[in-house]
Amino acid sequence: MGILDKIVGKSAEQVFIENLKRGKSEEQKRVIDFFLKEAGCFSGCTGCIGGSSTMSMDEYQQLVANRLFSLNLRERALEKIGLDESEVQEIPPIVLSGYAFDDVTPTNDVWVKIEDDVAVASRFAASWIFFSATQIYTYTYKFDMTSDDTWETTQDFFYQDITSFMTRERVVEKIDTHLVGCLKKGVQAEKNNYVVNTLRIVVPNDSFSFSMRNNETLEQSLQAAKAMLRERKFVK
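My aim in this report is to walk through the structure given alongside it, one point at a time. (Residues numbered from 1 in each chain as written. Predicted model: local features only at pLDDT ≥ 70, side-chain atom pairs only at ≥ 80, totals over all residues. Heavy atoms only, no water.)

## Quick notes on the pattern of salt bridges
- In total, this model carries nine salt bridges according to the counting rule given.
- Where glutamate 26 meets lysine 29, a salt bridge forms, and the shortest distance between an N and an O atom there is 3.4 Å. Separated by three residues within a single helix, glutamate 26 and lysine 29 lie in helix 3 (residues 26-36), roughly one turn from each other.
- Overall, glutamate 26 belongs to the exposed group, its relative accessible area being 57%.
- Residue classification places lysine 29 among the partly exposed residues on the basis of a relative accessible area of 25%. (Salt bridge = Lys/Arg side-chain N within 4 Å of Asp/Glu carboxyl O. Helix = DSSP H or I, 4+ residues; strand = E, 2+ residues; numbered from the N terminus. Buried < 20%, exposed > 50% of the residue type's maximum accessible area, 1.4 Å probe, protein only.)

Quick look at the structure:
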């Protein structure tokens with residue numbers, strides 16, 4: 001195949017992206033482009049591999065926020081757990097939310113994008129932790145912005161059964177490679193590491209774990225959860 005054919009014809013990357021979009025909604029197609037297409041093309045280049053994404057980081061975060069708001073998760077959580085509001089007023093509930101960075105594995109179609117020290121993923125999760133006089137109830141809802149996939153999980157623990165609760169911070173190495181040059185013949189590597197915080201509650205034969213992008217607000221939620229669990233474990 002000659003240079004002209006490479007420019008005019010579809011690249012392997014373009015075919016790959018088109019196959020991913022089959023059967024998807026218009027919004028899901030835009031999100032796939034956001035994660036997999038380039039942010040822009042060099043001026044004067046006719047054949048940018050994969051094309052360019054028209055969605056900004058702010059627009060993507062707003063899409064996620066709109067999806068999360070539309071779910072009414074507090075009401076959904078209480079309904080799924082089977083509790084009345086009056087039963088979980090012992091301690092104010094704690095809300096944890098963040099992009100599902102821990103889902104990023106070689107076997108999962110989950111993508112991460114980083115711009116100006118802001119990291120987002122194609123999956124997002126939110127957890128509500130409710131406290132009654134004797135138990136902790138957790139509800140987690142996770143959704144994928146590139147598909148119709150969702151996950152709902154409920155768990156409950158007696159305070160006296162908790163064997164440990166912990167917070168963990170880890171740095172995840174992420175190296176992005178970009179094709180450079182007008183004909184995209186060169187390869188440039190850029191390191192975009194990010195931090196993930198995890199809250200973990202352990203009881204015999206079970207556990208609750210929630211991970212999220214590190215920021216000041218979520219860090220405060222983690223520490224508040226840890227303090228509340230410590231206090232309630234020893235209340236008779």
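## Observations regarding the side chain of serine 122
- As for its placement among the helices and strands, serine 122 is situated in the loop between strand 3 (118-121) and strand 4 (123-131).
- For serine 122, a relative accessible area of 0% puts it in the buried group.
- The contact partners of serine 122, leaving out residues within four places of it in the chain, are Phe35, Tyr60, Asp109, Val110, Trp111, Phe143, Asp144, Met145 and Thr146. (Contact = heavy atoms within 4.5 Å.)

## Observations concerning the environment of valine 64
- Mapped onto the fold, valine 64 is located in helix 4 (residues 57-70).
- On the accessibility criterion, valine 64 (3% relative accessible area) is buried.
- Sequence-distant contacts of valine 64, defined by excluding residues within four places in its chain, comprise Tyr99, Phe124, Phe143 and Met145.

## Description of the packing of aromatic side chains
- This structure, assessed with the given rule, holds ten aromatic pairs.
- Between tyrosine 99 and phenylalanine 101 the ring centres are 6.2 Å apart and the planes differ by 55°, which places this aromatic pair in the tilted class. Phenylalanine 101 carries the same exposure label as tyrosine 99, and that label is buried.
- Relative to phenylalanine 124, the ring of tyrosine 99 has its centre 5.0 Å away and its plane inclined at 85°; by these criteria the two rings are edge-to-face. In this pair, tyrosine 99 is assigned in strand 1 (residues 91-99) and phenylalanine 124 in strand 4, connecting sequence segments 25 residues apart. In this pair, the class of tyrosine 99 matches that of phenylalanine 124, namely buried.
- Joined through ring pairs, the aromatic side chains of Phe34, Phe35, Tyr60, Tyr99, Phe101, Trp111, Phe124, Tyr141 and Phe143 make up one cluster.
- The positively charged end of lysine 113 is found above the aromatic ring belonging to phenylalanine 34, 4.2 Å away from the centroid. (Phe/Tyr/Trp six-rings, centres within 6.5 Å; stacked < 30°, edge-to-face > 60°. Lys NZ or Arg CZ within 6 Å of the ring centre and 35° of its normal.)

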